[in-house]
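Letter by letter, the chains look like this.
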Amino acid sequence: MKIGFIGLGNMGSPMAANLAAAGHEVIGFDPAGVRAEGVGTAQSAAEAIKGADVALTMLPSGTILRDVATDIIPAMDPGAVFIDCSTVEVDTARDLAEVCGAAGLFSLDAPVSGGTAGATSGTLTFMVGGPEQAFEKARPLLEIMGARAIHCGPAGAGQAAKICNNMILGATMIATCEAFALADKLGLEQQAMFDVVSTSSGSSWSMNTYCPAPGVGPASPADNGYEPGFAADLMLKDLRLALGAAERVDAAVPLGRAARDLYARFIDEGGTGRDFSAMLPYLRAAGFS
Ligand code: NAD
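Values in this document were obtained by computation on a predicted structure and should not be read as measured data.

Looking only at helices and strands, one finds twelve helices and nine strands in the chain. In terms of C-alpha radius of gyration, the chain reaches 20 Å, essentially the compact-globule figure of 19 Å for 289 residues. On the principal axes, the C-alpha backbone points of the chain span a range of 65 × 45 × 30 Å. Looking at the chain as a whole, 51% of its 289 residues are labelled buried.

Okay, structure coming up:
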């Protein structure tokens, strides 16, 4: 297939490289430059998707996605598939689906879980919203970039699943970090803390797979000076998406709100550009209250 890939950052680059390695013709566009193995370079998003069977986007926000969509939808061939893998508002996904439908395109919201490690190894989980027919067309590509693709329902259902998942992730990362900070002050070794919790009822992905304490557990951004990984700014974005959605449907999300407020404070106080697991040194810092 011919694929236009827009947004080649921490996630998009390895995803595009995996599609190219599987034999697809991939043309990329990113204003910061294209650095994905086997991926050709276009000078604009519209150029990247010219004549493409599939347009794929992996962008930082719904506002940017809307701008890119405005550029590329008129340039896409009827019957082509628009797959957005970014994490954005449910309403943005629904609006985009409507515009794509009117232009004779298939479209899916297909956000991912699994982080940069999953993007590199092709083991992402895709949570997909949109028509069954579009899902079936996209499935072979999703199976290259991921280990699982779950069709969650109509347009917007993928984003709904994603923001619920990431609201849990934000809260469990904070809980894991504050427990490590407490354990420290109680004189408990980090390794003992990991060995117990990772095999006990306090275990979670945040502890077992992405441990925020350096030197224990599998390799994670904590072992690399808290370079992202998954930037704290993106976690705050996702928590804001969850809170915005919760307000619109009047859902109670007290822990989600607390997590949003703490990540907002972390970002204000120097967390920008750090991995979201750097919540641990932030909580450990002298004087935190
Ligand atoms: P990133 O900031 O590394 O990459 C985003 C890329 O988009 C950048 O390279 C940027 O230059 C590019 N971009 C910005 N404006 C553009 C435009 N107009 N046209 C084309 N490209 C443009 O972010 P990321 O970590 O790759 O995340 C991308 C998306 O994936 C976000 O929505 C994020 O929430 C989601 N996500 C990230 C992770 C993760 O672990 N990093 C995991 C799951 C989902």
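There is more to say after this.
Let us look at the site of the ligand. Contacts to the ligand come from 25 residues, most closely from G9, N10, M11, A32 and F230. At three residues, the largest contribution of residues to the shell around the ligand is made by helix α3 (residues 62–72). A breakdown of the residues in the shell around the ligand according to their chemical character gives 15 nonpolar, eight polar and two charged.

As a further point, take the packing of helix α7 (residues 157–185) against helix α10 (residues 232–249). One can describe the packing of α7 onto α10 by two numbers: an axis separation of 9 Å at closest approach and a directional angle of 120 degrees. Considering the angle they form, α7 stands oblique to α10. In this structure, α7 crosses over α10, and the sense of that crossing is left-handed. Facing α7, whose interface residues are I163, N166, M167 and G170, α10 presents M235, D238, L239, L241, A242 and A245. Its residues assigned to classes, the contact of α7 with α10 shows seven nonpolar, two polar and one charged.

Our next topic: the domain arrangement of the chain. Each domain of the chain was delimited in the assignment, giving domain 1 (2–154) and domain 2 (160–285). Taking only C-alpha atoms, the centre of domain 1 and the centre of domain 2 are 27 Å apart. At the interface, eleven residues of domain 1 touch twelve residues of domain 2. Its residues assigned to classes, the side of domain 1 that touches domain 2 comprises four nonpolar, six polar and one charged.

Attention now goes to the pairing of strand β1 (residues 2–6). The buried count for β1 comes to four of five residues, which makes it a mostly enclosed element. As paired elements, β1 and strand β2 (residues 25–29) share five bridges and run parallel to each other. Paired with I6 across the two strands is F29, which belongs to β2. Following the chain from β1 across helix α1 (residues 12–21) to the adjacent parallel β2, one finds a crossover that is right-handed.

Along the polypeptide, L96 turns up in helix α4 (residues 90–102). On the basis of neighbour counts, which here come to 26 C-beta atoms within 10 Å, the residue L96 falls in the buried class. Between the C-alpha atoms of L96 and M235, which are 139 residues apart in sequence, the distance is 23 Å. Each residue touching L96, except ones within four places of it in the same chain, is listed here: A69, D84 and S107.

Let's shift gears to α7. An ideal rise of 1.5 Å per residue puts 42 Å on 29 residues; α7 measures up with 43 Å between its terminal C-alpha atoms. Following α7 by one or two positions, G187 has its phi on the positive side, about 80 degrees.

On average, residues of the chain score 96 in pLDDT, and 99% of them reach the 70 mark or higher. Across the interface, the model reports ipTM at 0.99; the global pTM reads 0.93.

This part is about the nonpolar core. One finds A16 and A55 to be the most contacted residues of the largest nonpolar core, which totals 100 residues. For this core, the element with the highest residue contribution is α7, accounting for twelve residues. Taken domain by domain, this core gets at least three of its residues from each of domain 1 (2–154) and domain 2 (160–285). Ignoring anything within four residues of it in the chain, the contact list for A55 reads G4, I6, I49, I72, M76, A80 and F82.

Turning our attention to the UniProt feature "domain: 3-hydroxyisobutyrate dehydrogenase-like NAD-binding" (unreviewed entry) in the chain. Taken from the UniProt record, the annotation "domain: 3-hydroxyisobutyrate dehydrogenase-like NAD-binding" (unreviewed entry) applies to residues 156–282. Summarising residues 156–282: 64% helix, 0% strand, and an end-to-end C-alpha distance of 34 Å.

Rules behind the numbers
- Residues numbered from 1 in each chain as written.
- Predicted model: local features only at pLDDT ≥ 70, side-chain atom pairs only at ≥ 80, totals over all residues.
- Helix = DSSP H or I, 4+ residues; strand = E, 2+ residues; numbered from the N terminus.
- Rg over C-alpha atoms; globule rule 2.2 N^0.38 Å.
- Buried ≥ 20, exposed ≤ 12 C-beta atoms within 10 Å, placed from the backbone.
- Near = placed C-beta within 6 Å.
- Nonpolar A, V, L, I, M, F, W, Y, C, P; charged D, E, K, R; others polar.
- Axes fitted to C-alpha atoms, helices over the stretch in contact; angles between N-to-C directions.
- Parallel < 35°, antiparallel > 145°, perpendicular 65-115°, else oblique.
- Left-handed = near helix turned anticlockwise from the far one by under 90°.
- Contact = placed C-beta atoms within 7 Å.
- Domains from an automatic or database assignment.
- Pairing = 2+ DSSP bridges.
- Right-handed = clockwise from strand over helix to strand, strands pointing away.
- Expected span 1.5 Å × (residues − 1).
- pLDDT = per-residue confidence, 0-100.
- Core = buried A, V, L, I, M, F, W, Y, C linked by C-beta atoms within 7 Å.
- UniProt positions renumbered as here; feature names shortened; annotations may be inferred.

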